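As a plain string of letters, each chain reads:
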Amino acid sequence: MAIIVTNRKLCCDDFLRRVELLASSKPNAIILREKDLENCDYESLAIEVKKICQKYGVDFFVNSFIDVAIKLNIKNIQLSFDDFLNYQDRLNSFSNIYVSIHSLTEGKTAQNLGADAIIAGHIFETSCKEGLKPRGLAFLKELYENIDISIIAIGGINEKNFKDVLKNGAKDFCIMSEGMKTDNPESFCDKFKL
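Residues numbered from 1 in each chain as written. Predicted model: local features only at pLDDT ≥ 70, side-chain atom pairs only at ≥ 80, totals over all residues. Heavy atoms only, no water.

### Considerations on the environment of Val-62
Structurally, Val-62 is set in strand β3 (residues 59-63). With 13 residues separating them along the chain, Val-62 and Lys-75 place their C-alpha atoms 8.7 Å apart. Contacts of Val-62, omitting those with residues within four sequence positions, involve Leu-32, Tyr-42, Ala-69, Ile-74, Asn-76, Ile-77 and Gln-78. (Helix = DSSP H or I, 4+ residues; strand = E, 2+ residues; numbered from the N terminus. Contact = heavy atoms within 4.5 Å.)

So, in structure tokens, the structure goes:
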């Protein structure tokens, strides 16, 4: 099932209403990825998105804002590889630590340092990484053959190719752009059911 990654700049309507409709479609999780915000603004948004996720029984992840996650007692965090390395001494309060990686070496390091899952990408071409060559399904397969923690794929994943990422070792997958733009957020995750 899909993990929704937010990007309010791609959202064409009320952001919190869209998050609520997406949450009602029962994704595995929602990651609040609003990197341009100041801490206080991110915290205010995180409070609202956390409430929405709790209402629908959806796991909620803070992206990068570790101080906000600790202050709000949010036990799920998603970090860049560099932040994961830098915050090693502050991670003991988290139940689920997801780390974005871009190579097998980073994946192994994340696993060895206690990550619960890696987010690997980008797998397919995506407008979010325009001009950058995707790593492809072979990258997922290589990770699957060499890493024991969960692998979550990201980048250009849609209803036509999500089964391919699952067949090549991903336990789950992230979707950002399509979730922020879909005309039917309330039924968005239905098309990703096996």
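### What about the nonpolar core?
Ranked by internal contacts, the top residues of the largest apolar core, which has 59 residues, are Ile-101, Leu-143, Val-165 and Phe-173. If you tally residues by element for this core, the top one is helix α2 (residues 39-56), at 7 residues. Not counting the four nearest positions on each side in its chain, Val-165 is found in contact with Ile-123, Phe-124, Leu-137, Leu-140, Ala-153, Ile-157, Ala-170 and Phe-173. Ile-3, Phe-61, Ile-119 and Cys-174 belong to the second largest nonpolar core, which has 11 residues in total. (Core = buried A, V, L, I, M, F, W, Y, C linked by side-chain atoms within 4.5 Å. Buried < 20%, exposed > 50% of the residue type's maximum accessible area, 1.4 Å probe, protein only.)

### A look at the sheet that holds strand β4 (residues 76-80)
The strands making up a sheet associate through hydrogen bonds between their backbones, and the pairing can be parallel or antiparallel. Reading around the barrel, the 8 strands line up as β1-β2-β3-β4-β5-β6-β7-β8 and close back on themselves, with parallel pairing between neighbours. Direction aside, the axes of adjacent strands within the sheet are offset by 25 degrees on average. Bridge count for β3 against β4 is 2 bridges, and the pairing is parallel. Paired with Val-62 across the two strands is Ile-77, which belongs to β4. Packing against the sheet, helix α5 (residues 104-112) makes contact with β5 (96-101) and β6 (117-121), and its axis sits at approximately 165 degrees to β5. (Pairing = 2+ DSSP bridges. Axes fitted to C-alpha atoms, helices over the stretch in contact; angles between N-to-C directions.)

### Quick word on the packing of aromatic side chains
Counted according to the given criterion, the structure contains 6 aromatic pairs. Ring geometry for Tyr-42 against Phe-65: centres 3.9 Å apart, planes inclined by 10 degrees, an arrangement best described as stacked. Residue Tyr-42 is found in helix α2, and its partner Phe-65 is found in the loop between β3 and α3 (66-71); the two are separated by 23 residues along the sequence. Residue Tyr-42 is classed as buried on the basis of its relative accessible area, which comes to 0%. (Phe/Tyr/Trp six-rings, centres within 6.5 Å; stacked < 30°, edge-to-face > 60°.)

### Some points on α2
Residues spaced three or four apart along an α-helix face the same direction, because each turn holds 3.6 residues. For α2, which comprises 18 residues, the first-to-last C-alpha distance of 26 Å matches the rise-based estimate of 26 Å (1.5 Å per residue) to within 8%. Every buried residue of α2 is accounted for by Tyr-42, Glu-43, Leu-45, Ala-46, Val-49, Ile-52, Cys-53 and Tyr-56. Tucked inside the fold, the buried residues of α2 contact α1 (15-24), β2 (29-32), β3 and α3. Among the residues trailing α2, Gly-57 stands out with phi positive, at a value near 65 degrees. (Expected span 1.5 Å × (residues − 1).)

### Here's the deal with the packing of α1 against α2
Two elements in contact, α1 and α2, have axes whose closest approach is 9 Å; the angle formed by their N-to-C orientations is 25 degrees. Viewed along their axes, α1 and α2 adopt a mutual orientation that is roughly parallel. In the crossing of α1 with α2, the sense of the turn from one axis to the other is right-handed. Every residue of α2 that contacts α1 at Phe-15, Leu-16, Val-19, Glu-20, Ala-23 and Ser-24 is listed here: Leu-45, Glu-48, Val-49, Ile-52, Lys-55 and Tyr-56. Residue composition of the contact of α1 with α2, by class: 8 nonpolar, 1 polar and 3 charged. (Parallel < 35°, antiparallel > 145°, perpendicular 65-115°, else oblique. Left-handed = near helix turned anticlockwise from the far one by under 90°. Nonpolar A, V, L, I, M, F, W, Y, C, P; charged D, E, K, R; others polar.)

### Concerning the environment of Asp-183
Relative to the elements of secondary structure, Asp-183 occurs in the segment after α8 (177-181). Measuring from C-alpha to C-alpha, the distance between Asp-183 and Gly-121 comes to 26 Å, with 62 residues separating the pair along the chain.

### Regarding the pairing of β3
Note on strand geometry: in a regular strand, side chains alternate between the two faces of the sheet. With 4 of its 5 residues buried, β3 lies for the most part within the structure. Where β2 lies against β3, 4 bridges are found, and the strand directions are parallel. Residue Leu-32 lies in a different strand from β3, and its bridge partner there is Val-62. Following the backbone out of β2, through α2 and into the adjacent parallel β3, one traces a crossover that is right-handed. Remark: the β3/α3/β4 crossover connection has right-handed handedness. (Right-handed = clockwise from strand over helix to strand, strands pointing away.)

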